Amino acid sequence: MDQFKGQPRLPKFVVPKRYDIRLKPDLVAHRFAGSVAVNLDIVAATSFIVLNAAELDVSNDAVSFTNQDSSKVIKPSRVELFENDEILVLEFPEELPIGFGVLSIRFEGILNDRMKGFYRSTYEHNGEKKTMAVTQFEPADARRCFPCWDEPACKATFKITLDVPSELVALSNMPIVEEITDGDLKTVSYQESPIMSTYLVAVVVGLFDYVEDHTSDGVKVRVYCQVGKANQGKFALDVAVKTLELYKGYFATPYSLPKLDMIAIPDFAAGAMENYGLVTYRETALLYDDQHSAAANKQRVATVVAHELAHQWFGNLVTMEWWTHLWLNEGFATWVSYLATDSCFPEWKIWSQFLHESTEGLKLDGLAESHPIEVEINHACEIDEIFDAISYRKGASVIRMLQSYLGAECFQRSLASYIKRHACSNAKTEDLWAALEEGSGEPVNKLMTSWTKQKGYPVVSVKINDQKLEFNQSQFLSSGAQGEGHWIVPITLCFGSYDVHKSFLLQSKSETHDVKDFLGSTHKGLNCWIKLNVDQAGFYRVKYDELLAARLRYAVEKQLLSASDRFGILDDSFALCMACQESLTSLINLMGSYREEVDYTVLSNLITISLKVQRIAADAVPDLLEYFKQFFINLFQYSAERLGWEPKPGESHVDAMLRGEILTALAMFGHDLTLDEASKRFQAFLENRNTPLLPPDIRKAAYVAVMQRASKSNRSGYESLLKVYKEADLSQEKTRILGSLASSRDPDLILEALNFMLSSEVRSQDAVFGLAVTREGRDVAWAWLKENWEHLIKTYGSGFLITRFVGAVVSPVCLMPLYMLCPIGFLSTL
Ligand code: BES
Ligand code: ZN
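Residues numbered from 1 in each chain as written. Chains lettered and ligands numbered in written order. Predicted model: local features only at pLDDT ≥ 70, side-chain atom pairs only at ≥ 80, totals over all residues. Heavy atoms only, no water.

1. Some points on the UniProt feature "active site" (unreviewed entry) in the protein
As annotated in UniProt, the feature "active site" (unreviewed entry) corresponds to Glu 308 in the numbering used here. Tracing the backbone through its elements, the reader meets Glu 308 in helix 2 (residues 295–311). According to the relative accessible area criterion, Glu 308 is buried, its value standing at 5%. When residues no more than four places from it in sequence are discounted, the contact partners of Glu 308 are Ala 272, Met 273, Glu 274, Val 279 and Tyr 281. (UniProt positions renumbered as here; feature names shortened; annotations may be inferred. Helix = DSSP H or I, 4+ residues; strand = E, 2+ residues; numbered from the N terminus. Buried < 20%, exposed > 50% of the residue type's maximum accessible area, 1.4 Å probe, protein only. Contact = heavy atoms within 4.5 Å.)

2. Some thoughts on the sheet that holds strand 13 (residues 169–172)
Taken in spatial order, the four strands of this open sheet run 10-11-16-13, and their pairing is antiparallel. Both edges of this open sheet fall to strand 10 (117–125) and strand 13, since each of them pairs with a single strand only. Going across the sheet, the axis of each strand differs from the next one's by a mean of 15 degrees, ignoring polarity. (Pairing = 2+ DSSP bridges. Axes fitted to C-alpha atoms, helices over the stretch in contact; angles between N-to-C directions.)

3. A short note on the site of ligand 1
Around ligand 1 there are 15 residues in total, and Glu 138, Gly 271, Glu 274, Glu 308 and Tyr 392 lie nearest to it. With respect to ligand 1, the backbone of Gly 271 contributes an N or O atom lying 2.5 Å from an oxygen atom. Separating an oxygen atom of ligand 1 from a side-chain N or O atom of His 311 is a distance of 3.0 Å. Protein contacts shield 86% of the accessible area of ligand 1, which totals 510 Å² for the unbound molecule. Every element with two or more residues in the shell around ligand 1 is listed here: strand 20 (272–273) and helix 2. By residue number, the principal contributor to the shell around ligand 1 is helix 2, which donates four residues. (Near = heavy atom within 4 Å. Polar contact = N/O pair within 3.5 Å; in protein donor to acceptor, adjacent residues only side chain to side chain. Areas by Shrake-Rupley, 256 points an atom, 1.4 Å probe, with all protein chains shown as cover.)

4. Points about helix 8 (residues 444–452)
Taken residue by residue, helix 8 has Val 444, Leu 447, Met 448, Ser 450, Trp 451 and Thr 452 as its buried positions. Elements that come into contact with the buried residues of helix 8 comprise helix 3 (326–344), helix 5 (389–406), helix 7 (429–440), strand 24 (458–465), strand 26 (489–495) and strand 27 (501–506).

5. Some points on the coordination of the zinc ion (ligand 2)
For the zinc ion (ligand 2), the full set of protein donor atoms is His 307 (NE2), His 311 (NE2) and Glu 330 (OE), and the range of their distances to it is 1.9 to 2.1 Å. Mapping the donors of the zinc ion (ligand 2) onto the primary sequence yields the spacing H-x3-H-x18-E. Of this pair, His 307 sits in helix 2 while Glu 330 is found in helix 3, placing the two residues 23 residues apart along the sequence. Each member of the pair, His 307 as well as Glu 330, carries the same accessibility label: buried. (Donors = N, O, S within 2.8 Å, 3.2 Å for Na, K, Ca; no water.)

6. Some thoughts on the sheet that holds strand 7 (residues 78–82)
The strands that make up a sheet pair up through hydrogen bonds in the backbone, lying either parallel or antiparallel. If you trace the three strands from one edge of the open sheet to the other, you get 3-8-7, paired in antiparallel fashion. Every other strand in the sheet has two partners, leaving strand 3 (46–52) and strand 7 as the edge strands with one partner each. Each strand axis lies, on average, 20 degrees off the axis of its neighbour in the sheet, ignoring direction. Both strand 3 and strand 8 (residues 87–96) contribute to a ladder of six bridges, which runs antiparallel. Bridge pairing in strand 8 places Asn 52 opposite Ile 87.

7. Considerations on the pattern of salt bridges
Enumeration according to the criterion identifies 57 salt bridges in this entry. Note that Arg 144 is salt-bridged to Glu 55, the shortest N-O span being 2.9 Å. Here the residue Arg 144 occupies a position in the loop between strand 11 (128–136) and strand 12 (157–165), and Glu 55 occupies one in the loop between strand 3 and strand 4 (56–57), the gap between them amounting to 89 residues. The class of Arg 144 is buried, set by a relative accessible area of 8%. Glu 55 sits in the partly exposed class, given a relative accessible area of 32%. (Salt bridge = Lys/Arg side-chain N within 4 Å of Asp/Glu carboxyl O.)

8. Some thoughts on the pairing of strand 11
Across nine bridges, strand 10 lies against strand 11 in antiparallel orientation. From the neighbouring strand, Tyr 123 faces strand 11, where its bridge partner is Lys 130. A loop of two residues connects strand 10 with strand 11, the two strands running antiparallel in sequence, and Asn 126 in this loop sits at a positive phi of about 50 degrees. Looking at chain direction, strand 11 and strand 16 (residues 203–206) are connected through two bridges and run antiparallel. Its bridge partner lying in strand 16, Ala 133 is registered against Val 205.

Here's what the structure looks like:
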C-alpha cells in the first residue's frame, strides 16, 4: 500500500464517472453521516482502488465493489486512510475486472468549524442562536465530506440526496426533483448534474429567505439571505441576471445549468466561491443595504458577483487540468469581471480601477521570492498558497496586456472558440494560447510563455539621445537588486498626443530606434512628451531619463494625459524610488503635480503612496515628520474642498468613494479640522444612526478620526464605537468598525482592540480586518501576534487566512532603508 503514499496525484487506473451521494448532517451533534456509490471505469487491471478522503471514518465493512452486471460483490481485504496523504487505499483480494463497476462506501464525519469541507456556521433567528451546514471544497476539501477523486481533471456527474430537518431550506448545485417529508426529517433529492469537478460540488442547509428573477432564456436566479433581509439581495440579483446574459454573448455559449442560486453565509473564509449553480458568498460580498452600505460596498458586490459568474464558464464548464493552471481560472475571472462591471455600470469607470489590480500584482512580483504564474504543485497543502496576487492580479494583468496587443474583437472570438473546444472538459495554459494563436495569427505561445513560466517582470528604461530612443529591459526588483529575467515586452508609445501612437515588441535586452522609424521624416522633431506603456496596459514598469521625466511631469500638471497614464507615471516613480533607483526628491516633486487631480484611481493611489512615505519618514527622518504631514495634508486640500463632507446631488459613484478615502487619509495624517468635524458628526450619529450627517461613505473616516484621538485614559470614542459594532446588524458596518478600531495612537488601547478581535464578539473570518494598526501600534501588534500564535494557528492554521495575520502585522515593521538618506532639498517643495 505504501507505493501510493507521497504521490502528488492519484493513480489513473480507475476513472470515476458518476457519484450518487447521500448526506445526513446533524446540526446539533455537529456530525454527518453519508454514503457514496461511484460508477467507475476500471481502465487497467488492478486490485487496488486509491481515492481521496480526509477526516472521515470509514470502516472495513462499509466498503464494497460490485461489477458491471451486478453478478459479483467484492469486499476489500484492507481499507486504510492515510491522513497525511489524504488518500483512502482499498485493497481487494482479487483483481477487479476491467470495465465498469460500482464502488460503495458508507462514512461519517465532523461538521467542523474551520470553514472548509463540510462545516457549520452560526446565525440568529428570532433571537435564537442557530447552526447551518455549508460546504467549501475548493481547492481540495471535498475529500473531507465524501471519498472521491478530488482532482479538477477527474470530472464526473453528481446525483445528490440530503436528509435534513424538515423546516430547513436545503440547496445544492442542481434543482430539486423530489422532496419527501417524514415527520421532523425530509429527504431532498436533486437532479443529476452535468459533468463537473469535485471542488465545485456544494450543499447548504439552514433557514433562509430569497428574492428571485430569471434571465431572458429562462434561467431561474435567486439570492438567498438571512430571514427578513431579502431586500438586501436585490442589487446582486439584478447584477447576476445582467451578467449571465452578457457572458452568454461574450463566450457565445449559454449558462449550462437550469438555475443559479447565490447565498450569503455568515462564516466564510474566502470572499465568495463559484460552486456550480450554488455560489456561496460572505455577507459583505453579496448583500447591499440602501441605508447603510457605502458605494465601495456596492462596487464590491457587483465585482464579486461578476467574478464568480465568470467562473461558471471559465472554471466550471472549462476547468484547469491541474492546480498549476489555477491562474487560468482566477486571473481570467478577475479580468472579465471588469468587463461585466463596466457593461452594467459604465459610469463607474471601472477599467481605470483595474490598475489597482496591476499595482498589487507588480508589488508582490517585485520580490525576489515571488513565483511564476504557473507553479508546480506537489501536495494538496501547497494549493492554498497560490490563491495570491500573482494568480489573480498578475494573471488578470497579463490577460489585459494580451487582449490589448491582439485587439478586443479577435480576443473575444478566440476565447469563444476555446470555450467551445474544451467545454465539459479540462484545459491547460497552452490550450488557451493555442486558441488565441489560431484566432490571431500571432505567436501568442512564445510571447506569453515569458510572462507565465517565469517570475517577475521588467523595468524598461528609455533614454532620448539626439533623434534616437534607447530602450533597455532588466528585471525589476523592489530590493533594488538586478534580476536575471528577460521578457518579450509589448511596447506602446505616444508622442505628444494620443493620436501619434506606435508599438513594437522589445525582444532583446536593448534596442535603439530612430525616431524617424516611428514618426517618419516629416515630424517636427522630438520636443514633445513621450509616454510608454500607453494606458498602462502592459505589466511592466518604465524608467524615463531626466529629460523625458520632466516633460511628463509637465504633461501631468497640464492634464494632457489620460487618468491611466497619470496613474502609471506616479506608480512607476514610487516603485523606482522604493527600489533606490530614483530620488525621494523627484518622487515628492512629481506628487506635487497631482494637486488638482480629480480622478478617483489616481488619487486613491496617491493616498496609499503618501501614507507609505509618511510611515517611512517617521522612522528615517523623525525631525521632518511634521513637514511631510503638512505636505500631504496640503496635497489633498483641493480634493477635500471639492468633495466636502456630504454627498452632492447627482454626484458620481467614484466621487462618493473618493470622499471617504480622502477624509480617512486626512484623519490618518492627524489633520485637526478633519478630526474636529468627524467627532461632531460621530456624536450626531450616536444619537441617531440614520442621521444625514454621517452617510455610509464617510463613516470609516469618522471612525478612524474618533480613534485617532482615543486613548486608554480617554476611551469614550472607543467605547462608543464598540457599542455601534455590537448593535450593528449589517456585516459591512461591522467590518468598517473593525477596520478602524486599531487606529489609535495609544499602544495600550491598540492592544485592547487587538484582543477584542479574538473575542467571541468577532467572527473568526473577520478578525483580520482589525489588524490595521497605526505606527504607534506596530510593536504591540508584533508582540501580540507572537503571544497568540498558538491560538491563531489552531483557528486559522489550516487555511489561507493565517497569511493575512502575518502580512498585516509584519508589513508596517519592515520598511525600506533608502529614506535614511532623505535629501533635504525636497523641503523647498513643501
Ligand atoms: N475560487 C475562489 C474562491 C477561493 C479562494 C477558494 C481561495 C479557495 C481558496 C473565488 O472565485 C474567488 O476568487 N473569490 C475571491 C473574490 C474575487 C472577487 C476576487 C475571494 O474569495 O477573495
Ligand atoms: Zn475566483
